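Close look at the chain arrangement
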Amino acid sequence: QVQLVESGGGLVQAGGSLRLSCAASGSGFSNYAMGWFRQAPGKEREFVAAITWSGRITHYADSVQGRFTISRDNAKNTVYLQMNSLKPEDTAVYYCAADRVLRRDDKYEYWGQGTQVTVSS
């Protein structure tokens, strides 16, 4: 069982940066691939980024490639999402998720409660 808690969301102007954190508790964090997803009002949840348990392989959605960076610190049981050059269309609730398989779909086993990111124009 893995529990996930996101933090670091907030209000930022377009062009600004935020770093989201996702703290995991429970056993075996380093065995899980981690993903970030987001859901904007009236839209379906969408994939943002994912990282393998080792951190060696990362995947990004085209819409965030080059602007967002996913990383993890297994010693701290934490995964991060550094978001730069933010745009108003990045406004959404951001969720982290854990699964034993690196994936881009939303079939992750464990999910956090989400953190709101709002980008003003």
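I will try to describe carefully the structure that is included in this document. For every chain, the first residue of its written sequence is number 1, and the numbers climb from 1 along that sequence. In keeping with the model being predicted, local features are shown solely for residues with a pLDDT of at least 70 and side-chain atom pairs are shown and tallied solely at 80 or more, while totals for entire chains, interfaces and linings include all residues. Note: side-chain values were computed over all heavy atoms of the structure, leaving out hydrogens and water.

**Thoughts on the sheet that holds strand E7 (residues 68–73)**
In any sheet, the strands associate via hydrogen bonds between backbone groups, in a parallel or an antiparallel arrangement. At least two DSSP bridges between two strands are required for those strands to pair. Numbering of helices and strands starts at the N terminus; helices are DSSP runs of H or I of at least 4 residues and strands are runs of E of at least 2. Across the sheet, 4 strands lie side by side as E1-E3-E8-E7; this open sheet has antiparallel pairing. Either end of the sheet is taken by a strand with one partner, and the two such strands are strand E1 (2–7) and E7. Sheet twist, expressed as the average angle between the axes of neighbouring strands with direction ignored, equals 15 degrees. As defined by bridge partners, strand E3 (residues 18–26) adjoins strand E8 (residues 78–83) across 6 bridges and the pair is classed as antiparallel. What sits directly across from Arg-19, in E8, is Gln-82. Only the stretch in contact is used when a helix axis is fitted, and all axes are lines through C-alpha atoms; the angle between N-to-C directions ranges over 0 to 180 degrees.

**As for the pairing of strand E4 (residues 33–39)**
Buried residues are those whose accessible area, probed at 1.4 Å on protein chains only, stays under 20% of the maximum for their type, while exposed residues exceed 50% and partly exposed ones sit between those limits. Extensive coverage of E4 is indicated by the burial of 6 of its 7 residues. Turn length for the E4-strand E5 (residues 46–51) hairpin, with the two strands adjacent in sequence and antiparallel, is 6 residues, and the turn residue Gly-42 shows positive phi of about 75 degrees.

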